[in-house]
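Working through the structure, step by step
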There are 2 protein chains.
Amino acid sequence: MFDVKTMDEVFDILNENFQFCGNQAEEIDIFLSNGRILAEDIISNEDIPGFDRSMVDGFAVFSSDTFGAQDSVPAQLLLTEEIKMGQKPDFVLAKGQASPIPTGGALPMGADAVVMVEYSENYNDGFIYLNKSQSPGNNVIFRGDDCKKGNKILSKYKLIRPQEIGALAAIGVSKINVFKKLKIGIISTGDEIVDISDDSFGGSKIRDVNSYALFSAINDLGCEAKRYGIIKDEFDFLYEAALKAYKECDMVLISGGSSVGERDHTHKVIEEINKQENADYVHNGIFEKNVYEGVDSPGILVSGIAVKPGKPTIIGKVCGKAIIGLPGHPVSAFMIFKTVVTPLIRKLTLQENSKEILTDAVMKSNYPSNHGREEFLPVDLETENGVIYAKPIFGKSGLITTLINAKGYVHIKRGKEGLSQNEHVKVTVFY
Amino acid sequence: MFDVKTMDEVFDILNENFQFCGNQAEEIDIFLSNGRILAEDIISNEDIPGFDRSMVDGFAVFSSDTFGAQDSVPAQLLLTEEIKMGQKPDFVLAKGQASPIPTGGALPMGADAVVMVEYSENYNDGFIYLNKSQSPGNNVIFRGDDCKKGNKILSKYKLIRPQEIGALAAIGVSKINVFKKLKIGIISTGDEIVDISDDSFGGSKIRDVNSYALFSAINDLGCEAKRYGIIKDEFDFLYEAALKAYKECDMVLISGGSSVGERDHTHKVIEEINKQENADYVHNGIFEKNVYEGVDSPGILVSGIAVKPGKPTIIGKVCGKAIIGLPGHPVSAFMIFKTVVTPLIRKLTLQENSKEILTDAVMKSNYPSNHGREEFLPVDLETENGVIYAKPIFGKSGLITTLINAKGYVHIKRGKEGLSQNEHVKVTVFY
């Protein structure tokens, strides 16, 4: 049988067993690419900017014409044609000439610097008097300065943010290949669970909470959630639903199983799918093990975690895909989603460094905890006189209270006997 | 004329002039409500749970029948009907009886506690022997313990997260009223700007970057972005586009205007819309000032900020709506969006406490800065031997380099003469 694992052991197991394996890409419009992972290198087909460009309002000149210019000895240059924004100058600047140019305007052939309008005097005598010496390149962005044709500007596996979308627009790329979204199937189990739309509610039923909370939390991580309904607590039904979800998705979350019988079903379902999947590759006569090269299929990896809440969590791996049994109680299911499933999803989607927000806080009251196991304590956050206090959320039932009032949680490590009032803690903030 | 404002002055002006004014609500499915702001109080129409519920696998009992029970003197109770998950017991428990019950099962009438199965012995003699004394209520969640019928479980203005969606599902609420998304219009100006789809690119044109980056950044904040195209740098065209955007949206962002002429146009356009809007309410014969009660219309609030990058930023307010002129340079526009527009949007959408991520870092190199103005320095972040280093992104052009390589920025305060190598800094992280 399986030992209950500590959180550290669970993270080690997840790290060893799962990695980014985005092998399917799709082409999408850059407008829709925010938060996606690039599935190709992006090479610029152009020089950016595509022309020598002024950084200031001023006068395009031969820099050598300004050498030594100063207030008392301005350079006197012949005013020539004005450059219009967005138009390519159709003349060549000659030595001794200066051409008025706006910020962003294209330098005429010949010019290699721009003198800011602040350093000029115009006496309407056909000349412009420039009292600042400029070196070649001053106030100019040369063609290709930002990015040269053929340069790789974005690498495969890069997370696309608004900034990257802007850069893609700059080089004229309107469609890109990104990895498909991770698709995650959600199954709720339990004979007492009914959907919100189900009129049979009442008596001794409770409503399905996990499908709703998990659906939104999965979307928040940039993945696609798919619900597979509420399944009666019988092995055959759960097997059928889980197999369908496993075939169609990249990961399956089965929530429910607060009773011993349900936990056993989830366990057995994972083992059975694993057996079946691997058997398929044998009983065709050939053992097609190579199909799964590097993607092993150990079945159950974790059966029980020494953590509160969330002890009955089950983690399996079948042909590279995670099948996870979450506790049935909504608070437990949600906390395990945040603390175990979320890091796994981030790993699988290359978002490992994103969006973990920690804040320092001071415990508002004592919190006893001597379970010899780790604990994730949901807390509310309150600011008083500039100090952020973490207030444990008590209550034996606490489904609604906990979910709604928790602004985050404190991770109480193993061996620590609770938290004292005024103790400094780190709170992982829900966002 | 207007003085250039410091960032502190700008924030004061924004705080005085803008507040949440969500007055239009819409009903949506809870599945779509993640990140939205609740426009109504939510009252539970039910007790949650709706029945007395066991928290463990065990035996439903009269607690008084177990008083004094221990290993050596177990309570001997008559085993009676087993309770099935999700079914309401149709019998009344009598004193001296115990009914097997699963976690989540409904207690029979009479029972007031549950003894865990771990504390029982079954010798198949028709009795169950319980060796633990239980107080009334032990291992039971009573009807309404979590939430009573008539209780307010969510208040108007609450941000909906996956947790809240779960709680709504728990009480059977599938549709809620939320405030409409803030709608933000985006206009790009400049004769040299062309859209990515425009074949006239080349020569002395550059592509529209801001519409793309801002569109995604606005969506990231849970708002609705609408593009109003690329507008020629002439007052009449800009006025027409800005007026349309102002009428249709809750906020307008006009990017462009790196040249003096364009800046002036944005400035004049805001003043003209303000004049026109207020004139409308006079020339109908009646001065309908009360329409705008508490929502004044000062026109231009800020014209120029003492910050690098982003000096040419213009902020206006017309009948309560912000019209903001952003710099044309994509890096400047993006930084001002992050540092000025984002806090304003968060204020307008009641998300003030969300999603600002600061990290400690060590400067990798010196960075000179003696402008007498504040500076937002884009930096890359690198970890070496466990130390996070902030690496300034140099380069005079830097559009693509900066946008792509910046992981965040350091806010250099006024009067500070740059940053030294190995100096400790706070980096606001882009996410």
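These remarks concern the structure in this document. Only a predicted model underlies this, so the values are computations on that prediction, with no experimental measurement involved.

The rules behind each value
- Residues numbered from 1 in each chain as written.
- Chains lettered and ligands numbered in written order.
- Predicted model: local features only at pLDDT ≥ 70, side-chain atom pairs only at ≥ 80, totals over all residues.
- Heavy atoms only, no water.
- Contact = heavy atoms within 4.5 Å.
- Salt bridge = Lys/Arg side-chain N within 4 Å of Asp/Glu carboxyl O.
- Nonpolar A, V, L, I, M, F, W, Y, C, P; charged D, E, K, R; others polar.
- Helix = DSSP H or I, 4+ residues; strand = E, 2+ residues; numbered from the N terminus.
- Expected span 1.5 Å × (residues − 1).
- Buried < 20%, exposed > 50% of the residue type's maximum accessible area, 1.4 Å probe, protein only.
- Pairing = 2+ DSSP bridges.
- Least-squares fit on C-alpha atoms with pLDDT ≥ 70 in both.
- Lys, Arg positive; Asp, Glu negative; His and termini not counted.

1. Focus on the interface of chain B and chain A
Counting residues at the interface gives 78 residues for chain B, matched by 78 residues for chain A. At the surface where chain B touches chain A, the tally comes to four salt bridges. Of the charged contacts in the structure, one is a salt bridge between Glu192 of chain B and Arg53 of chain A, with a shortest N-O distance of 3.7 Å. Of the residues contributing to the side of chain B that touches chain A, the split by class is 39 nonpolar, 19 polar and 20 charged.

2. Description of helix 4 (residues 235–248) of chain A
An ideal rise of 1.5 Å per residue puts 20 Å on 14 residues; helix 4 of chain A measures up with 20 Å between its terminal C-alpha atoms. If you check which residues of helix 4 of chain A are buried, you get Leu238, Tyr239, Ala241, Ala242, Ala245 and Tyr246 of chain A.

3. Description of the pairing of strand 4 (residues 58–61) of chain A
All names here are of chain A. Of the strand pairs in this sheet, strand 4 and strand 6 (residues 97–101) are connected by three bridges, and their pairing is antiparallel. Note that in strand 6 the partner of Ala60 across the bridge is Ser99. Judged from the four bridges that link them, strand 4 and strand 7 (residues 113–116) form a sheet pairing that is antiparallel. The partner of Ala60 across the bridge, within strand 7, is Val114.

4. A few points about the relation of the copies chain B and chain A
Mapping chain B onto chain A calls for a screw motion: a turn of 180° about the axis and a shift of 0.0 Å along it, with 0.1 Å RMSD after fitting. Here the copies are linked by what is in effect a two-fold axis. It is Ile357 of chain B whose C-alpha, among those of chain B, lies nearest the rotation axis, at 3.4 Å. With an isologous cut-off of 70% or more, the 100% of interface residues of chain B that recur at the interface of chain A puts this contact in the isologous class.

5. Brief notes about the side chain of Glu374 of chain B
All names here are of chain B. Mapped onto the elements of the fold, Glu374 is located in strand 23 (residues 374–384). For the buried Glu374, no salt bridge is present, and the opposite-charge side chain at shortest range is Lys413, 4.8 Å distant. With residues up to four places along the chain from it excluded, the contact list for Glu374 reads Thr6, Met7, Asp8, Ala306, Val307, Lys308, His411, Ile412, Lys413 and Arg414.

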